[in-house]
Amino acid sequence: MMGVPHIRRLSEAAANRIAAGEVVERPASAVKELVENALDAGAGNVEIAIADGGKTLIRVSDDGHGMARDQLSLALERHATSKVDGDNLFDIHTFGFRGEALPSIGSVARLVLTSRAGAEAWAIEARGGTLGQPRPAARGPGTTVEVRDLFSATPARLKFLKTDRAETQAVLETLRRLALARPDVAFTLRDVSGGGEGRVLLRCAQTDRAGRIAEVMGREFPANAIEIDAEREAIRLTGLAGLPSFSRGAAVAQYLFVNDRPVRDKQLTGALRAAYSDLMARDRHSVAALYLSCPPDRVDVNVHPAKAEVRFREPGVVRGLIVSALHHGLAEAGHRANSHLSDAALGAFRPAGAPPAAPRIHAQTRPSGGALRAAMAGQAPEIQGFSEPTPSARIEPETPGPGPLGAARAQLHETYIVAQTETGIVLIDQHAAHERLVYEALKTGFADRAVPRQGLLLPEIVELGADADLLLAEAEALAGLGLTVEPFGPGTICVREIPALLGQPDVAGLIQDIADELRDFGRSDTVEKRLHAILSRIACHGSVRAGRRMSGEEMNALLREMERVPESATCNHGRPTWIALGLADIEKLFGRVG
């Protein structure tokens, strides 16, 4: 039998190394802490050098106010800081404030701190937690911190580091976030693994926020983003949010800041995700650089030693501000084209070998009726009843108007509409565009509890197996969408009514898709989120399909409706519905200008 354990104090060295594991997880963590110290010291220029991903060398130099000789030893003691006014931890205006960075790094590596605040420079060394004495040194005003052999005092930690390349990328990403937080400061990052001056990985000159965002995130981003500036209850949100069609496959280009502090906060990223939920596929991620400003006493930055997480006093206000500001901004910019897609389209048109097969082009003809207009007005059974064009009908083209989508001129491959605008042409994916329009109409009808229904002449019997119970559990919600289902024996349901907007869809396929959606979402998501996903599936089944020939009036009706609906620039899955090509760019393809 084990004896009664005795409580004893850890040695100072052991305590420091344990604490260091919370603050310094990898080389990028050390770089973050050291650069933040430089920024807090009033630096206007910060230079960083690393070797072997930061494992063997990290050197951070700044031109800040520096430290005097009698401050050097104190700077390497735990919980010693110049950045907190008394014991007030709720009025933080600096990056650092815990007094842990330098002693934590010094406890697991070899650290030399050199600084000059007046006429003389002094240096002090810490090796594995053992502190030396200050000695005279040579350098200009400012501070240099050199860290060698990180985790040499805790070699087991080295086994958990990634490759030099991966650690270098982590350092680079850390510097990107800090550079976006402080555009007024110049940054240079070099990889000196091979010796000498090394290779420049990042160089940012002093500029304003707009210039820094373009410098760090690429100039394509501002051209495909909307400006955000909104305020609620003394909390302000500013920055840029990318168009839904300007998205990424991972959340690697989402930069969030609270009082100019880079954060990785689940609450904020969740709000960002919610703002794009209706405009982007679930496997796509928005691009954003958003800055949240609030009184310091309304946010707690002292949640974790790494200071990457925050806690708001009124989280609901913050979430509501982000979601509403982005919703309104994206709605106002709903008809902006993605310039990146336009450039890619122009590149695809440039000659590169044999010419492609000639497309099937259908000129505009006058239809027997305005099926689309009637459908969008609620007379839904005609939504898929587009009349076939009459080949012999006289064509009367619509004059391009001031709207961004112009006038339809032709249909290619029974899939794409070609429209002429005042400044060029637009290519529209008819299915993707109409899918968005039907989705928005269904959402409006559902919100108003006024989704028109149509009864089936013969009820549709659909076998779902175990998924039947899942779908029947949502029968009341589905009824609100205009879809009436009832049990019809084990694993089987009976469909009696469908949303009138759908015309004559594949009912069995629609029901199976809804069951799949419910199963994929599980029970943890909100009801509204599940219902919108179902609406999206319904809209897909009720939209104009690729391969359907449309008349001129029907195409123009689709364009006018797209101009009316702000969200129509993307389909329900986040894909673009149209691409604009400027006349000047088209003329360049044919060598007609400069």
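Residues numbered from 1 in each chain as written. Predicted model: local features only at pLDDT ≥ 70, side-chain atom pairs only at ≥ 80, totals over all residues. Heavy atoms only, no water.

**Q** When you look at the overall build of the protein in this model, what are you seeing that I'm missing?
**A** Per the secondary structure count, the protein includes 18 helices and 24 strands. Counting all 594 residues of the protein, 49% fall into the buried class. As displayed, the protein has an accessible area near 28,100 Å², and 52% of this comes from carbon and sulfur atoms. (Helix = DSSP H or I, 4+ residues; strand = E, 2+ residues; numbered from the N terminus. Buried < 20%, exposed > 50% of the residue type's maximum accessible area, 1.4 Å probe, protein only. Areas by Shrake-Rupley, 256 points an atom, 1.4 Å probe, with all protein chains shown as cover.)

**Q** How do you make sense of the packing of helix H2 (residues 27-40) against helix H5 (residues 164-181) when you look at a structure like this?
**A** Packed helices, taken two at a time, are described by the angle between their axes plus the distance between the axes. Where H2 meets H5, the axes come as close as 8 Å, and the angle between the chain directions of the two elements is 25°. As summarised for this structure, H2 and H5 are arranged roughly parallel, according to the angle between their axes. In the packing of H2 onto H5, the handedness of the crossing is right-handed. Of H5, the residues touching H2 (which contributes Pro27, Ala28, Val31, Lys32, Val35, Glu36 and Leu39) are Glu167, Ala170, Val171, Thr174, Leu175 and Leu178. Tallied by class, the residues present in the contact of H2 with H5 amount to nine nonpolar, one polar and three charged. (Axes fitted to C-alpha atoms, helices over the stretch in contact; angles between N-to-C directions. Parallel < 35°, antiparallel > 145°, perpendicular 65-115°, else oblique. Left-handed = near helix turned anticlockwise from the far one by under 90°. Contact = heavy atoms within 4.5 Å. Nonpolar A, V, L, I, M, F, W, Y, C, P; charged D, E, K, R; others polar.)

**Q** Explain H5 here, please?
**A** An α-helical segment advances 3.6 residues per turn. Residues three or four places apart therefore align on the same side. Between its terminal C-alpha atoms H5 stretches 26 Å, which fits the 26 Å expected from 18 residues at 1.5 Å a residue. Within H5, 13 of the 18 residues are buried, which leaves the element mostly enclosed by the surrounding structure. (Expected span 1.5 Å × (residues − 1).)

**Q** For this particular structure, what's the right way to read empty space enclosed by the protein?
**A** Unoccupied space between atoms shows up once a probe the size of one water molecule is rolled over them. Considering all chains together, one arrives at two cavities of 30 Å³ or more under this definition. Roughly 60 Å³ of internal volume is contained in the largest cavity. Surrounding the largest cavity, Leu237, Leu256, Phe257, Leu268, Leu272, Leu290, Leu292 and Ile322 form its lining. For the lining of the largest cavity, the elements supplying multiple residues, two or more each, are strand E12 (254-258), helix H8 (266-275) and strand E14 (288-293). Partitioned by chemical class, the residues of the lining of the largest cavity number eight nonpolar, no polar and no charged. (1 Å grid on protein atoms, 1.4 Å probe; cavity = no way out; pocket = protein on both sides within 12 Å on 5 of 7 lines; lining within 4 Å. Points joined across faces, edges and corners; volume = space filled by probe spheres on them.)

**Q** Which parts of the structure should I look at to understand the side chain of Thr143?
**A** Mapped onto the elements of the fold, Thr143 is located in strand E7 (residues 142-148). For Thr143, the residues in contact, after removing those within four places along its chain, are Val60, Ser61, Asp62, Gly66, Met67, Leu113, Thr114 and Ser115.

**Q** Just checking my understanding: could you explain the environment of Ile48 for this structure?
**A** Secondary-structure assignment places Ile48 in strand E1 (residues 45-51). For Ile48, a relative accessible area of 2% translates into the label buried. Spatially, the C-alpha atoms of Ile48 and Val192 are 10.0 Å apart, while their sequence positions differ by 144 residues. Leaving out residues up to four positions away in the same chain, Ile48 has contacts with Val31, Val35, Arg59, Val60, Leu175, Thr188, Leu189 and Arg190.

**Q** Please clarify how the sheet that holds strand E23 (residues 492-499) should be interpreted in this entry.
**A** In sheet architecture, strand pairing relies on hydrogen bonds along the backbone and comes in two forms, parallel and antiparallel. The strand order E21-E23-E22 describes an open sheet built from three strands, whose pairing is antiparallel. If you trace the sheet from one side to the other, it starts and ends with strand E21 (453-463) and strand E22 (484-487), each paired once. This sheet shows a mean twist of 20° between the axes of neighbouring strands, independent of strand direction. Pairing of E22 with E23, which is carried by four bridges, proceeds in the antiparallel orientation. In the strand pairing of E23, Thr484 is matched with Glu497. (Pairing = 2+ DSSP bridges.)

**Q** What should I look at first to understand the pattern of salt bridges in this one?
**A** Close approach of charged atoms allows side chains of opposite charge to pair. By the definition in use, this model includes 23 salt bridges. Between Glu125 and Arg127 there is a salt bridge, with the nearest N and O atoms lying 3.0 Å from each other. Accessibility expressed as a relative area gives 21% for Glu125, which makes it partly exposed. Between Glu215 and Arg212 there is a salt bridge, with the nearest N and O atoms lying 3.4 Å from each other. Highlighted residues: Glu215 and Arg212, both in helix H6 (residues 209-217), separated by three residues, approximately one helical turn. By relative accessible area, Glu215 is classed as partly exposed at 33%. (Salt bridge = Lys/Arg side-chain N within 4 Å of Asp/Glu carboxyl O.)

**Q** Before we go on, may I ask you to explain the packing of aromatic side chains in this structure?
**A** Two numbers describe a pair of aromatic rings. These are the distance of the centres and the angle of the planes. Applying the stated rule across the entire model yields two aromatic pairs. Between Phe221 and Phe246, the ring centres sit 6.3 Å apart and the planes meet at 25°, which makes this aromatic pair stacked. Note that Phe221 is positioned in helix H7 (residues 220-223) and Phe246 in the loop between strand E11 (235-242) and E12, a separation of 25 residues in sequence. The class for Phe221 is buried, based on a relative accessible area of 1%. By relative accessible area, which is 10% here, Phe246 ends up buried. Taken together, a centroid distance of 4.6 Å and an interplanar angle of 10° make the contact between Phe257 and Tyr291 stacked. (Phe/Tyr/Trp six-rings, centres within 6.5 Å; stacked < 30°, edge-to-face > 60°.)

**Q** Mind showing me how you'd approach the sheet that holds strand E13 (residues 261-263) here?
**A** With respect to topology, five strands assemble into an open sheet ordered E10-E11-E14-E12-E13, the strand pairing being mixed. Each of the sheet's edge strands pairs with one partner strand only, and the pair in question is strand E10 (225-232) and E13. Across the sheet, the mean angle separating the axes of adjacent strands is 20° when strand polarity is ignored. Pairing geometry for E10 and E11, over eight bridges, is antiparallel. Note on E11: the bridge partner recorded for Ala230 is Leu237. Lying over the sheet, H8 contacts E12, E13 and E14, oriented at roughly 125° with respect to E12. Taken strand by strand, helix H9 (residues 315-332) contacts E10, E11 and E14, and its axis lies near 140° from that of E10.

**Q** It is not clear to me how unusual backbone geometry should be interpreted in this structure. Could you clarify?
**A** Glycine aside, a negative phi is what most residues show, and trans is what most peptide bonds show. For Asp52, which is not a glycine, the phi torsion comes out positive at approximately 55°. Within the element layout of this structure, Asp52 appears in the loop between E1 and strand E2 (57-62). Judged by its relative accessible area of 27%, Asp52 is partly exposed. Positive phi, close to 65°, is recorded for Asp260, a residue that is not glycine. Its relative accessible area of 34% is what places Asp260 among the partly exposed residues.

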